[in-house]
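# Observations on the three-dimensional arrangement
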Amino acid sequence: MSWIESLLMGLLQGLTEFLPISSSGHLTIASALFGVNPEQNLTFTIVVHIATVLSTLVILWREIVWIFKDLFTGQSWKSYDSLNYGTKYAINILISMIPVGIVGLLLKDTVERIFGSGLTITGSMLLVTALLLAFSYFAKPRQKETISRWHALWIGVAQAIAVLPGLSRSGSTIATGLILGNRKENLAQFSFLMVIPPVLGEALLDAKDLIGMDAATTEGISAGVLLIGFLAAFLAGCAACKWMISIVSKGKLIWFAVYCAIAGTLTLILS
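Predicted model only: the values in this text are computed from it and were never measured. (Residues numbered from 1 in each chain as written. Predicted model: local features only at pLDDT ≥ 70, side-chain atom pairs only at ≥ 80, totals over all residues. Heavy atoms only, no water.)

### Topic: the overall build of the protein chain
Definition in use: The numbering of helices and of strands both runs from the N terminus, where a helix is a DSSP run of H or I of at least 4 residues and a strand a run of E of at least 2. We call a residue buried when its accessible area falls under 20% of the maximum for its residue type, exposed when it is over 50%, and partly exposed in between, using a 1.4 Å probe and counting protein chains only. Only the protein chains shown count as cover for residues, with accessible areas throughout obtained via the Shrake-Rupley method and a probe of 1.4 Å.
Within the protein chain one finds 13 helices and 0 strands. Listing each helix as α and each strand as β along the protein chain from the N terminus yields α-α-α-α-α-α-α-α-α-α-α-α-α. Taken across its 271 residues, the protein chain has 48% of its residues classed as buried. Per element, the accessible surface of the protein chain, about 13300 Å² overall, is 70% carbon and sulfur.

### As for the packing of aromatic side chains
What counts here: By convention, a stacked pair of Phe, Tyr or Trp rings (six-membered ring in the case of Trp) has centres within 6.5 Å and planes under 30 degrees apart, an edge-to-face pair has planes over 60 apart, and any other such pair is tilted.
Counted according to the given criterion, the structure contains 9 aromatic pairs. Arranged with centres 5.5 Å apart and planes meeting at 65°, the rings of Trp66 and Tyr89 form a pair that is edge-to-face. One end of the pair, Trp66, is in helix H4 (residues 61-71); the other, Tyr89, is in helix H5 (residues 85-106), with 23 residues separating them in the sequence. You can call Trp66 partly exposed: its relative accessible area is 26%. The interplanar angle of 85° and the centroid separation of 5.8 Å between the aromatic rings of Trp150 and Trp154 together place this pair among those described as edge-to-face. Taken together, the residues Trp150 and Trp154, both in helix H8 (residues 149-161) and 4 residues apart, mark about one turn of the helix. Since its relative accessible area comes to 41%, Trp154 is described here as partly exposed. Taken together through their ring pairs, the aromatic side chains of Trp66, Tyr85, Tyr89 and Phe190 make up a single cluster.

### Digging into the packing of helix H7 (residues 119-138) against helix H9 (residues 169-179)
Pairs of packed helices are described in terms of their axes, by the angle between the two and the distance that separates them. Filter applied, for reference: As a rule, the C-alpha atoms of each element are fitted with a line to give its axis, helices using only the stretch in contact, and angles between N-to-C directions run from 0 to 180 degrees. Under this scheme an angle from 65 to 115 degrees is roughly perpendicular, one under 35 degrees roughly parallel, and one over 145 degrees roughly antiparallel; angles in between are oblique. What makes a crossing left-handed is the near helix being turned counterclockwise from the far one by less than a right angle; a clockwise turn instead makes it right-handed. Contacts were defined at the residue level, with two residues in contact if any of their heavy atoms lie within 4.5 Å. Each residue is assigned to one class: nonpolar for Ala, Val, Leu, Ile, Met, Phe, Trp, Tyr, Cys and Pro, charged for Asp, Glu, Lys and Arg, and polar for all the others, Gly among them.
The interhelical angle for the contact between H7 and H9, taken along N-to-C directions, is 30°, at an axis separation of 9 Å. Classified by the interaxial angle, the pair formed by H7 and H9 is roughly parallel. Along this stretch, H7 crosses H9, giving a crossing that reads as left-handed. Residue-level inspection shows Leu132, Leu133, Phe135 and Ser136 of H7 in contact with H9, the latter providing Gly171, Ser172, Ala175, Leu178 and Ile179. Across the contact of H7 with H9, the residue classes break down as 6 nonpolar, 3 polar and no charged.

### What about helix H1 (residues 3-18)?
Keep this limit in mind: By this rule the span expected of a helix is its residue count minus one, scaled by 1.5 Å.
For H1, with 16 residues, the first-to-last C-alpha span of 23 Å sits near the 22 Å given by 1.5 Å per residue. Within H1, the full set of buried residues consists of Ser6, Met9, Gly10, Gln13, Gly14, Thr16, Glu17 and Phe18.

### Looking at helix H2 (residues 23-34)
Here is the rule: Here a polar contact means two N or O atoms within 3.5 Å. Within protein one must be a hydrogen donor candidate and the other an acceptor candidate, and residues neighboring in sequence count only if both atoms are side-chain atoms.
Between the first and last C-alpha of H2 there are 16 Å, a value that for 12 residues agrees with the 16 Å anticipated at 1.5 Å per step. Burial runs high along H2: 9 of the 12 residues are buried. A side-chain oxygen of the first residue of H2 lies 2.9 Å from the backbone nitrogen of Gly25; this N-cap is Ser22. Immediately downstream of H2, the backbone of Gly35 shows phi near 70°, a positive value.

### Observations concerning the nonpolar core
Convention followed: To qualify as a nonpolar core, a set must consist of buried Ala, Val, Leu, Ile, Met, Phe, Trp, Tyr and Cys residues joined through side-chain atoms within 4.5 Å.
Ranked by internal contacts, the top residues of the largest apolar core, which has 41 residues, are Ile174, Phe190, Leu193 and Leu253. Ranked by residues supplied to this core, first place goes to helix H10 (residues 184-194) with 6 residues. The residues contacting Leu193, other than those within four sequence positions of it, are Leu60, Glu63, Ile64, Ile67, Tyr89 and Ile93.

Take a look at the structure:
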């Protein structure tokens, strides 16, 4: 992998991880166009995923500190209703992780086979993303003040299904939350915070696999190239995360639906 390919892949990962247009789908398309497959190079994959997680921590550090402060503040643990808001928020994030944890443990090999099945499924899932975003845009939300445990679970199910290439994780989780009637202002923040534990867990599992793999699997990529990919993904992730929170608050997801529809159609034509 050259430095320009690392730069482009890093920028693509950082931008599309937060924008509702599917990072996995765009990386699959870019890999086909450039003849580069980052999924075959675990080192690069781990580096850019960690970069996007760090960008989330930088943009949402106040919210993360608030959650931890509430967790360690004296409170009654007799029931869920007796807990403070930050602790309830943390519990909802844990609940949202259950579906993706099940998929990761039981269906990891199946998902990996799907990723290697070509551009047809990527194009199809981009069209599904477009339909989901359009439906959430035209649905009449009830604007609930807080995300309930039940809704957190359904948003987690959407995240688990979005492991399919072309089906946007942020788009699926935010659209699902909107359809369930949650406030737009709360959903982007929750969507980005809930992805931190699964992505870090996936990176750790990939790192474990990397240790036992042959050195030839990761040769051809230097530390400098990795650094370029990391910085590109981190800076693009910071910009996209902040921008996406503003976009969701203004309810302008319909333009991403149009983009995904066009991208999905072109991908199917070219596949």
